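Report on the structure
Here is what each chain is made of, one letter per residue.
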Amino acid sequence: MAESPVQFLRGTFYRWTQLFPEICPELRKAPAVLAVGDLHIASFGTWRDGFGRLIWGIDDFDEAYPLPYANDLVRLGVSAILDASEGEIKVGLGNVADVILDGYRTCLSAGGKPFVLEEKHKWLRNIALNCLDIPADFWKKMDALPASRADVPADAREAITRLLPAPKLPYRVVRRIAGVGSLGHLRYVGIADWQGGQIALEAKAAIPSACLWARPAASSRIYYQLALDQAIRCPDPFVRLSGKWLVRQLAPDSSPIEIETMSGQKDQDKLLHAMAWEAANVHLGSAKAPARIAADPEQPLR
Amino acid sequence: MKSLSDKNGPRSGKQRSERKRQPTMGTAMNILTATKNFEGWVGRHTHVVKSQLSDKTQTDG
């Protein structure tokens, strides 16, 4: 987290959600939607949907929670501005809010649409294909992960087993450390050989959003699955909340796309615009979100 | 009795700074205290997950 302001932002959503209502008091009253919560420029990646299509979008809903819609937009903007101020990206600083608001507003008006990187969005597909892991390197890294020394909880095993392609497929369990903000989250990865190649499923202990820590009287529900189910989205069939475990496939095609990998300001602005559109795809899952947001007297989207 | 300017007019600099300094839940807690507090909260939730699992394991066993 000490590496850069963006890393610090990514790792401290708990502090953000504690201070946001105080620093932006006019925005705390904005209409609530089921928001991503911890949205920032590194919250985006690729996956394959049930039809094998390459999809790009938000891939982390650990902190999903009912929040003012402005939370996600402001946090996305702050992360872009912090990254730009470090010289990591070239988005126009004075332009960030306009680009985000335009992407968000356009998506709300259009009723939302996911980013299917096939016949459309060729610019994003080209970037995505360059960011995907090389399968041989990916599996070399997976093979190097240490075996889990502790007993794997029975529920974690059950959660992994449910997503295996064959019910009695044997698999070994390794430990993995990942994420910036996932303080103390237990992770177990099951790796199996299946039909001539390896597959990996990770079970991560799911806990309620840090919003509950900041507002103890709030709901203790884990909103991960609801956010996935409600959003305008082509879901990854291998991501599922199973009891207290979030299970997801680890694969070379499930990769983050970092805005820093794009060279020019024009492309980075375009990606930022797409990020705001994707945030709206998630917010559109909440009932009557466009009408409620449009009726917000404080909203800057008019 | 408050004058109209007291109610609706611009606040003086002193009034504004007093309003700013009013401690609230977030600003009353510094980042180190907040982080320690949050880590404890995560630990308790992870512990809940662990104990629920061990209960289930015992039940299943």
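Cut-offs used in this document
- Residues numbered from 1 in each chain as written.
- Chains lettered and ligands numbered in written order.
- Predicted model: local features only at pLDDT ≥ 70, side-chain atom pairs only at ≥ 80, totals over all residues.
- Helix = DSSP H or I, 4+ residues; strand = E, 2+ residues; numbered from the N terminus.
- Buried ≥ 20, exposed ≤ 12 C-beta atoms within 10 Å, placed from the backbone.
- Rg over C-alpha atoms; globule rule 2.2 N^0.38 Å.
- Contact = placed C-beta atoms within 7 Å.
- Core = buried A, V, L, I, M, F, W, Y, C linked by C-beta atoms within 7 Å.
- pLDDT = per-residue confidence, 0-100.
- Domains from an automatic or database assignment.
- Axes fitted to C-alpha atoms, helices over the stretch in contact; angles between N-to-C directions.
- Parallel < 35°, antiparallel > 145°, perpendicular 65-115°, else oblique.
- Left-handed = near helix turned anticlockwise from the far one by under 90°.
- Nonpolar A, V, L, I, M, F, W, Y, C, P; charged D, E, K, R; others polar.
- Pairing = 2+ DSSP bridges.

**Some details on the overall build of chain B**
In terms of helices and strands, chain B carries four helices and zero strands. In chain B, the order of α-helices and β-strands from amino to carboxyl end is α-α-α-α. When each of the 61 residues of chain B is scored for burial, the buried share is 7%.

**A word on the overall build of chain A**
A count of helical and extended segments in chain A gives eleven helices and ten strands. Taken against the 2.2 N^0.38 rule, which gives 19 Å for 302 residues, the C-alpha radius of gyration of chain A at 19 Å falls within 12% of a compact globule. Seen through its C-alpha atoms, chain A measures out along the principal axes to roughly 55 × 45 × 40 Å. Within chain A, the fraction of its 302 residues that count as buried is 43%. Long-range contacts, defined as pairs at least 24 residues apart, comprise 77% of the intrachain contacts of chain A with a sequence gap of at least 6.

**Re unusual backbone geometry**
All names here are of chain A. With a phi angle near 55°, His121 is a residue other than glycine that sits in the positive phi range. Even without glycine at this site, Gln195 takes up a positive phi of about 50°. Locating Gln195 in the fold gives a position in the loop between β7 (187–194) and β8 (197–205).

**A look at the nonpolar core**
All names here are of chain A. With 85 residues, the main nonpolar core has Ala276 and Ala279 as its most contacted residues. Broken down by element, this core gets its largest block of residues, nine residues, from helix α10 (residues 265–283). Setting aside anything within four residues of it in sequence, one finds Ala279 in contact with Val36, Leu39, Asp72, Leu73, Leu76 and Tyr104.

**Observations regarding the confidence of the model for chain A**
Residues of chain A with pLDDT of at least 70 account for 95%, and the chain-wide mean is 90. Across chain A, strand β5 (residues 115–116) of chain A holds the top mean pLDDT of 98, while helix α11 (residues 289–294) of chain A sits lowest at 81.

**A short note on the domain arrangement of chain A**
Residue and element names in this part refer to chain A. In terms of domain boundaries, chain A breaks down into domain 1 (5–132 + 255–294) and domain 2 (135–207 + 235–250). Each of domain 1 and domain 2 was reduced to a C-alpha centroid, and the two centroids are 27 Å apart. Listed as interface residues are nine residues of domain 1 and, on the opposing side, five residues of domain 2. Breaking the side of domain 1 that touches domain 2 down by element, the ones donating at least two residues are α1 (5–11) and β2 (44–48).

**Thoughts on the packing of helix α3 (residues 69–85) of chain A against helix α4 (residues 96–110) of chain A**
All names here are of chain A. In contact at an axis separation of 10 Å, α3 and α4 are set at 140° when each is read in the N-to-C sense. Here α3 lies oblique to α4, going by the angle between them. As α3 runs across α4, the sense of the crossing is right-handed. Facing Leu73, Leu76, Gly77, Ala80 and Ile81 of α3, the residues of α4 in contact are Val96, Ala97, Ile100 and Tyr104. Classifying every residue of the contact of α3 with α4 by side-chain character gives eight nonpolar, one polar and no charged.

**Re the sheet that holds strand β3 (residues 54–58) of chain A**
Pairing between the strands of a sheet is mediated by backbone hydrogen bonds and can be parallel or antiparallel. All names here are of chain A. Taking strand neighbours across the sheet as the criterion, the three strands line up as β2-β3-β5 in an open arrangement whose pairing is antiparallel. Each of the sheet's edge strands pairs with one partner strand only, and the pair in question is β2 and β5. Here β2 runs beside β3; their pairing, made up of five bridges, is antiparallel. Its bridge partner lying in β3, Trp47 is registered against Ile55. Packed onto the sheet, helix α5 (residues 122–131) meets β2, β3 and β5 and runs at close to 90° relative to β3. Across the sheet, α10 touches β2, β3 and β5, and the angle it forms with β3 is around 80°.

**So, the packing of α4 of chain A against α10 of chain A**
Residue and element names in this part refer to chain A. Relative to each other, α4 and α10 sit at 45°, their axes nearing to 7 Å. Accordingly, the angle class assigned to the pair α4 and α10 is oblique. Here α4 and α10 pass one another in a crossing that is right-handed. On α10, the residues that touch Val96, Val99, Ile100, Asp102, Gly103, Tyr104, Thr106, Cys107 and Leu108 of α4 are Asp269, Leu272, His273, Ala274, Met275, Ala276, Trp277, Ala279, Ala280 and Asn281. Of the residues contributing to the contact of α4 with α10, the split by class is 13 nonpolar, four polar and two charged.

**Some details on the confidence of the model for chain B**
Low-pLDDT stretches of the model should not have their predicted coordinates read in fine detail. Residues and elements named next belong to chain B. Residue-level pLDDT values for chain B average 57, and 30% of them are 70 or greater. Across chain B, element-level confidence peaks in helix α4 (residues 31–60) with a mean pLDDT of 69 and bottoms out in helix α1 (residues 4–8) with 34. Every residue in residues 1–23 scores below 50 in pLDDT, and together they form four contacts with partners more than four places removed in sequence or on other chains. Confidence over residues 53–61 falls short of pLDDT 50; this stretch has seven contacts with residues more than four positions distant or in other chains.

**What about the environment of Ala70 of chain A?**
Residues and elements named next belong to chain A. Position of Ala70 relative to the elements: it lies in helix α3. Placed 37 residues apart in sequence, Ala70 and Val33 show a C-alpha to C-alpha distance of 9.4 Å. Not counting chain neighbours up to four residues away, the residues in contact with Ala70 comprise Leu27 and Ala30.

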